[in-house]
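# Chains, contacts and geometry: an overview
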Amino acid sequence: MGNNSQVPLPYRREQPHPFSPAPELQQLGREKPISRQSVAPNGDSVWLVTRHSLAREVLSDHRFSVKSTPPTLLRPKATGEAKVATPARQPGSFVGYDHPEHARLRSMVSHSFTAKRIADWVPRIEEIVHDCLDAMATQGPPADLATAFGQEIPSRVLCELIGIPEEDRKELQMRANLAFDQTLDRGRLIDHFVGLRDWVADLVVQKRNSPDNTMFGALVRDYGHELTDTEITGMVALILVAGQDSTAGALNIGTLLLLRHPDQLAVVRDDPTITEQAVEELLRYITVTQTGLVRTATEDLELGGEQIKKGDYVMMSFSQANRDETVYQDANVFDVHREREPHLAFGHGIHFCLGAPLARKELAIGIPALLRRFPDLKLAIPFEEVPFREFATVYGVESLPVTW
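Owing to the predicted nature of the structure, the values given are computational and were not obtained by experimental measurement.

What the rule picks out here adds up to two cavities of 30 Å³ or more. Empty space within the largest cavity amounts to approximately 70 Å³. Of the residues in the lining of the largest cavity, the class split is one nonpolar, two polar and seven charged. One number sums up the size of the second largest cavity: a volume of about 30 Å³. In this structure, the second largest cavity is lined by V268, T275, A278, V279, L282, L363, I367 and P368. For the lining of the second largest cavity, the elements supplying multiple residues, two or more each, are α12 (275–286) and α14 (356–373). It is α12 that contributes the most residues to the lining of the second largest cavity, four residues altogether. Residues belonging to the lining of the second largest cavity are distributed by class as follows: seven nonpolar, one polar and no charged.

Below, the structure written as structure tokens:
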């Protein structure tokens, strides 16, 4: 872990316990669950929400807009940046739209991510997981779990479900890893987004010429007359990047968390009846998606006893909201036996994560299979040397060396 004080407050984690929000975030959660904070490079302040109930209120209130919030709020603007949008801000990227446009666009792909549809994918997810574990066993220890397991599983599943050629899968992994890294040089980040947009745009042309039965092909075939190529590009880029990086982060840090709690690891490994419950606790406890998109108040209103003015920015700390002591008993205790309670790892309201059913299945299948295949799994380096991505919208690790 590096200099934690240089990481903006909403992204800050406790040291030397990087699974938990920073002590100052936890203090805000207890004493001042909505507060003014200066986290923007241009000096603009945001209302930072750290309480579970208030975060849910913001996420379900149409008076808080995602579309009207400038994408450069948390970053200094660079030359030419207005011409380059992040995946969340590209035309067609429904996460950056308010109702009703959000619902219209999301409905075009939501059928591919229903619980029933994902249940049909379980045998294939199991095959992919076991292929990854076979490859690790064949190579032998040590291995970088972040690449051999955490990145590999979601990228293979997404490519097959969405319809990305196998030869492009490594490209997806590379671009997803960079998309949420807040430490990147502005010029490099802009170059990255241009490359991502152009890469997906080329795939859109291919799908228009030859639509298949994947999600991508069905989107072009069924809605191509309503959507421009730019809108399809934005929609697909969002799903690819968000679905890859967040699930990879949860697989990696979830496994690391269990390695730090051997008693809980043994339960997850040996008791399949606890799997779904354990996955929910992992998601709550680590909360890899640390913040949602910043919202803008579209009118004067009251929130948590504070007067929010039209045009004010509101940001949420999901990591702290998921440790809210008014919701979770012993909130800072990791317990795979904890009764399932609603958490905000996938957000809430109309922007609730489209891929939540898929992510849950990948975790429920992947982590127990890994622990059973390698019962002596352990870190190959001291825990203190694990390189975390400290300033990233989606929390993760740069690498995770393990042995067995």
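The three strands lie next to each other as β4-β12-β9, forming an open sheet whose pairing is antiparallel. Strand pairing shows two members of the sheet lacking a second neighbour, β4 (143–144) and β9 (378–379), which therefore form its edges. Where β9 lies against strand β12 (residues 401–403), two bridges are found, and the strand directions are antiparallel. If you follow L379 over to β12, its bridge partner there is V402.

Glancing now at the confidence of the model for the chain. Mean pLDDT over the chain: 89, with 89% of residues reaching 70 or higher. Ignoring residues within four places in sequence, the model shows residues 76–83, a span with pLDDT below 50, making 12 contacts including any to other chains.

Tracing the chain through its elements places A392 in the loop between β10 (388–389) and β11 (396–397). Between the alpha carbons of A392 and T289 there is a distance of 8.9 Å; along the sequence they are 103 residues apart.

For the bond from Q15 to P16, the omega torsion is 5°, close enough to zero to count as cis. Relative to the helices and strands, P16 resides in the segment before α1 (23–31). Here H99 and P100 are connected by a cis peptide whose omega angle stands at 10°. Positionally, P100 belongs in the loop between β3 (64–65) and α3 (101–106). At T287, a position not held by glycine, the phi torsion is positive, near 40°.

Rules of the game
By convention here, each chain's residues receive numbers from 1 onward along its written sequence. Where totals are concerned, whole chains, interfaces and linings use all residues; where local detail is concerned, this predicted model gives features only for residues with pLDDT of at least 70, and gives and counts side-chain atom pairs only at 80 or more. For side-chain calculations, the full set of non-hydrogen atoms in the structure is used, while hydrogens and water are omitted. Grid points spaced at 1 Å over the protein atoms alone were grouped into cavities, where a 1.4 Å probe fits but cannot get out, and pockets, open sets with protein on both sides within 12 Å along at least five of seven lines, with lining residues defined by an atom within 4 Å of a point. Grid points are joined across faces, edges and corners, and a volume is the space filled by probe spheres set on the points. Each residue gets one label: Ala, Val, Leu, Ile, Met, Phe, Trp, Tyr, Cys and Pro are nonpolar, Asp, Glu, Lys and Arg are charged, and the others, such as Gly, are polar. Where helices and strands are cited, they refer to DSSP runs of H or I of at least four residues and of E of at least two residues respectively, numbered from the N terminus. Two strands pair if DSSP finds at least two bridges between them. Think of pLDDT as the predictor's per-residue confidence, scored from 0 to 100. Should any heavy atoms of two residues lie within 4.5 Å, those residues are counted as being in contact.

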